[in-house]
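Residues per chain are reported as follows:
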Amino acid sequence: MGFPLGVSASPIVCKAIASSSSSNPHALDASYIQRAAVIADKSAGFTSPHPNFGCVIVTPAGKVAGEGYLYAQGTKPAEVQAVEAAGRDLCKGATAYLNMEPGDCYGDRTAVSALIQVLLNQKSLLTHPLQHLRGNAIRALRSEELQVDVLGEDLQSKTIEGAMKSCLLVNAPLLYRAASRVPFSSLKYAMTLDGKIAASSGHASWISSKMSRSRVFELRGRSDAVIVGGNTVRMDNPRLTARHGGGHLPMRIVMSQTLNLPDVAHLWDVADVPTVVATQRGARKSFQKFLASKGVEVVEFDILNPKDVMEYLYDRGYLSIFWECGGTLAASAISSGVIHKVYAFVAPKIIGGKNAPSPVGELGMVEMTQALELIDVCYEQIGPDMLISGFLQPVPDLTPVIPSVEETSAIDPTVTPYESSIIFFYKTWDPYGAFSNFSPHAIQMTDESGNYLSWPSVEHYYQAHKFWGVNNAEARNCAEAIRSAKSPEEAARMGRTMQRQHPDLVRYDWESVKIDVMYRALKCKFSVYPHLNSMLLSTAGCVLVEASPHDLFWGGGREGEGLNYLGRLLMQLRSEFLGDSSTPDNNPITHQEIEMS
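Keep in mind that what you see is a predicted model, and the values were worked out from it rather than measured.

Caption draft 1: Structural detail: unusual backbone geometry. Backbone geometry places arginine 181, a non-glycine residue, at a positive phi of 60 degrees. With respect to the secondary-structure elements, arginine 181 resides in the loop between helix H7 (172–180) and strand E6 (184–192). Taking relative accessible area as the criterion, arginine 181 reaches 35% and is therefore assigned partly exposed. Of note, aspartate 376 is a non-glycine position whose phi angle comes to about 50 degrees, a positive value. Within the secondary structure, aspartate 376 is located in strand E13 (residues 375–382).

Okay, here's the thing in structure tokens:
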């Protein structure tokens, strides 16, 4: 089996339920763990950058009393949902099975507290892959005298190995990202029986069946971004949406060294889905300006290659990347070591052609013994086609999970540790992730009539207020829809999309008031949650930097070129809470100064 199942990447159980057969120890434990992994997978594509979490509560009699899964970052934890579904009475003496250890990303121990309060006797999960969270929940549960068994450590058997594999698979993107510091990347292609992805003329529509294409839409919807090369844009003019397959809409990325791209392309329409073009520094500046005028983001690299692009996407917080490129770019990505999994759709067709392109270009191999072999291969018939999938690299054994900056510097002296006076935060899984406006801390703010309204997060409040107070029914409906969004990510997508598509609905004074809107929401959040206030005050004397590499307004930017207004507002709040604005707190700015910047 290609999945290392060592101690460092193992699930945990609180109390073992008696097996139904002495020849198959822990069979019931394994089945419930696998069930937790199955329901966790329901949120694939929505939870990024968080893991896929599932929780199953089982009574001593073996009855499933409650289930839950994390829908998206910033939403109610799976453990809380399962406890609420089961009810306090059925939780007595019951076992909570999880596919992964709860992650205390927000400093409030919500998930762990839900399990402790009902005194669940048993729990099964994978220890958390992120170093600053790993083992925290296990220690907290054991400190309350709850029995916690770790699968692969406290419980070991062939049956348990199968359950552990399910836990690894459902969170493979996070595990790869944590170990290799690049997003998990899957290469997909459709080819004929004779290994062609297009005719000699370049025509490629359609090789696979409609059913296979629907599966591709589904796979896209589980990814954070889809990558194609310039030739794919020129030849196929793809849309790269997740239509028909459900799921969220991933970012679309075009890699092109020369920017020899058409003026008219579906990908330049960013009304519903954003597009990023990655190119070589200095390439066709006039075309870069043209793309910018369309709302397409252009990112320049000194040398455009898959490794650097993946490192950039890692910095953006992406977990999962879906490659749908031609053979040349596919070969470059494989050679760079950034492709982890392959999906090959094989259609029962023969097209021939000496010059017809193949799915993977030149890899420099001259003997069959050099061929790359897939591991943990799966075969699935989809209509008339065969889908063959497998891993080029095994799911990593996370030892250590994520090297510390000091460890990385010891290995590579060119990597220097961050200065201790600077604290970076970005995604809600960071050690200071609670500083993010996407963290799931509800706030209550007054409306125009002085009535209090509840908002699921700061981001919900911020995005809705783009349309707040506009005397237009559609604008009011948009604000209410954002307030009801299931997650901060969805609220952000809705607000940004509506702003792009209907700028006439945005309040006229938005640019001058948006910082004050964010400030009021942040002040409420850090005022009503004592643990967040303590976390903020603990950073006294440190510079706070929102480390988004692409948001140059609220974040610090890729190379420190951003304005970091979110970090600056938090430092200003910190000074206000400390009650001494004269402290050397990076000279907190006033709202007027921010607006004039």
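So, next bit.
Caption draft 2: Summary view of the environment of serine 293. With respect to the helices and strands, the residue serine 293 is situated in helix H10 (residues 285–293). Residues serine 293 and tryptophan 268, 25 residues apart in the sequence, show an inter-C-alpha distance of 9.9 Å.

Caption draft 3: How the structure looks around the nonpolar core. Counting 46 residues, the largest nonpolar core has Phe467 and Leu522 as its most contacted members. With 10 residues, helix H17 (residues 510–528) is the single largest residue contributor to this core. Excluding its chain neighbours within four sequence positions, the residues that come into contact with phenylalanine 467 are Ala475, Cys478, Ala479, Ile482, Gly495, Met498, Gln499, Leu505 and Val506.

Caption draft 4: Region of the structure containing the environment of glycine 162. You can see glycine 162 is positioned in helix H6 (residues 158–170). Its relative accessible area of 29% is what places glycine 162 among the partly exposed residues. Linking glycine 162 and serine 31, residues 131 residues apart in sequence, is a C-alpha distance of 9.4 Å.

Caption draft 5: How the structure looks around the pattern of salt bridges. Tallied over the entire structure, the rule returns 17 salt bridges. Lysine 165 is the partner of aspartate 376 in a salt bridge, and the nearest nitrogen-oxygen pair spans 2.8 Å. Taken together, the residues aspartate 376 in strand E13 and lysine 165 in helix H6 connect sequence positions 211 residues apart. Between lysine 285 and glutamate 300 there is a salt bridge, and its shortest N-O distance comes to 3.0 Å. Pair noted here: lysine 285 is in helix H10 and glutamate 300 is in strand E10 (residues 297–301), with a separation of 15 residues, a long-range link. Shared partners join several salt bridges into a network, and the residues in it are Arg281, Lys285, Glu300 and Asp302.

Caption draft 6: Focus on the sheet that holds strand E7 (residues 225–229). The mixed open sheet is built from 9 strands, whose spatial order is E10-E9-E8-E7-E11-E6-E12-E14-E13. Looking at which strands have only one partner, the edges of the open sheet turn out to be E10 and E13. Along the sheet, successive strands turn relative to each other by an average axial angle of 20 degrees, direction set aside. Sheet analysis places strand E12 (residues 341–347) next to strand E14 (residues 385–391), joined by 6 bridges and oriented antiparallel. Considered in E14, the bridge of phenylalanine 345 is made with leucine 387. Helix-sheet contacts for helix H11 (residues 306–315) involve E6, E7, strand E8 (251–255), strand E9 (275–280), E10 and strand E11 (320–323), and the interaxial angle to E10 is about 125 degrees.

Caption draft 7: A look at helix H15 (residues 473–483). Here H15 has its buried residues at Ala475, Cys478, Ala479 and Ile482. Relative to the axis of H15, the buried residues are bounded by an arc of 100 degrees and lie together on one face. Where H15 is buried, its residues touch helix H14 (458–464) and helix H16 (488–501). For H15, the N-terminal cap is asparagine 472; the gap from its side-chain oxygen to the backbone nitrogen of glutamate 474 is 2.7 Å.

Caption draft 8: Region of the structure containing the state of the cysteines. In the structure shown here, the tally under the stated rule is 0 disulfides. Free of any disulfide, cysteine 91 has its nearest neighbouring cysteine sulfur in cysteine 55, separated by 8.8 Å. Here cysteine 91 falls in the buried class, since its relative accessible area comes to 0%.

Caption draft 9: How the structure looks around the packing of helix H2 (residues 78–86) against helix H4 (residues 110–117). It is the contact of H2 with H4, at a shortest axis distance of 7 Å, that shows an interaxial angle of 30 degrees. Here H2 is positioned roughly parallel relative to H4, judged by the angle of their axes. Between H2 and H4 the crossing geometry is left-handed. Taken together, the residues of H4 that come into contact with H2 (itself represented by Glu79, Val80 and Val83) are Thr110, Ala111, Ala114 and Leu115. For the contact of H2 with H4, a count of residues per class yields 5 nonpolar, 1 polar and 1 charged.

Caption draft 10: Representation of the packing of H17 against helix H19 (residues 565–578). The geometry of H17 relative to H19 is characterised by a closest axis approach of 10 Å and an angle of 50 degrees between their N-to-C directions. Here H17 lies oblique to H19, going by the angle between them. Seen along the crossing, H17 lies across H19 with a hand that is right-handed. For the pair H17 and H19, the contacting residues are Ile515, Met518, Tyr519, Leu522, Lys523, Phe526 and Ser527 in the first and Tyr565, Leu566, Leu569, Leu570, Gln572, Leu573, Glu576 and Phe577 in the second. Residues belonging to the contact of H17 with H19 are distributed by class as follows: 11 nonpolar, 2 polar and 2 charged.

Caption draft 11: Fine view of H10. Among all positions in H10, only Phe287, Gln288 and Leu291 are buried. The arc enclosing the buried residues of H10, seen along the axis, measures out at 105 degrees, which places them on a common side. More than 90 degrees from the buried face of H10, the exposed residues found are Ser286, Lys289, Ala292 and Ser293. For H10, the secondary structure elements touched by its buried residues are E9 and E10. Where H10 terminates, the next one or two residues include glycine 295, which has phi positive at roughly 90 degrees.

The rules behind each value
Residues numbered from 1 in each chain as written. Predicted model: local features only at pLDDT ≥ 70, side-chain atom pairs only at ≥ 80, totals over all residues. Heavy atoms only, no water. Helix = DSSP H or I, 4+ residues; strand = E, 2+ residues; numbered from the N terminus. Buried < 20%, exposed > 50% of the residue type's maximum accessible area, 1.4 Å probe, protein only. Core = buried A, V, L, I, M, F, W, Y, C linked by side-chain atoms within 4.5 Å. Contact = heavy atoms within 4.5 Å. Salt bridge = Lys/Arg side-chain N within 4 Å of Asp/Glu carboxyl O. Pairing = 2+ DSSP bridges. Axes fitted to C-alpha atoms, helices over the stretch in contact; angles between N-to-C directions. Arc of directions from axis to C-beta. Polar contact = N/O pair within 3.5 Å; in protein donor to acceptor, adjacent residues only side chain to side chain. Disulfide = S-S within 2.5 Å. Parallel < 35°, antiparallel > 145°, perpendicular 65-115°, else oblique. Left-handed = near helix turned anticlockwise from the far one by under 90°. Nonpolar A, V, L, I, M, F, W, Y, C, P; charged D, E, K, R; others polar.

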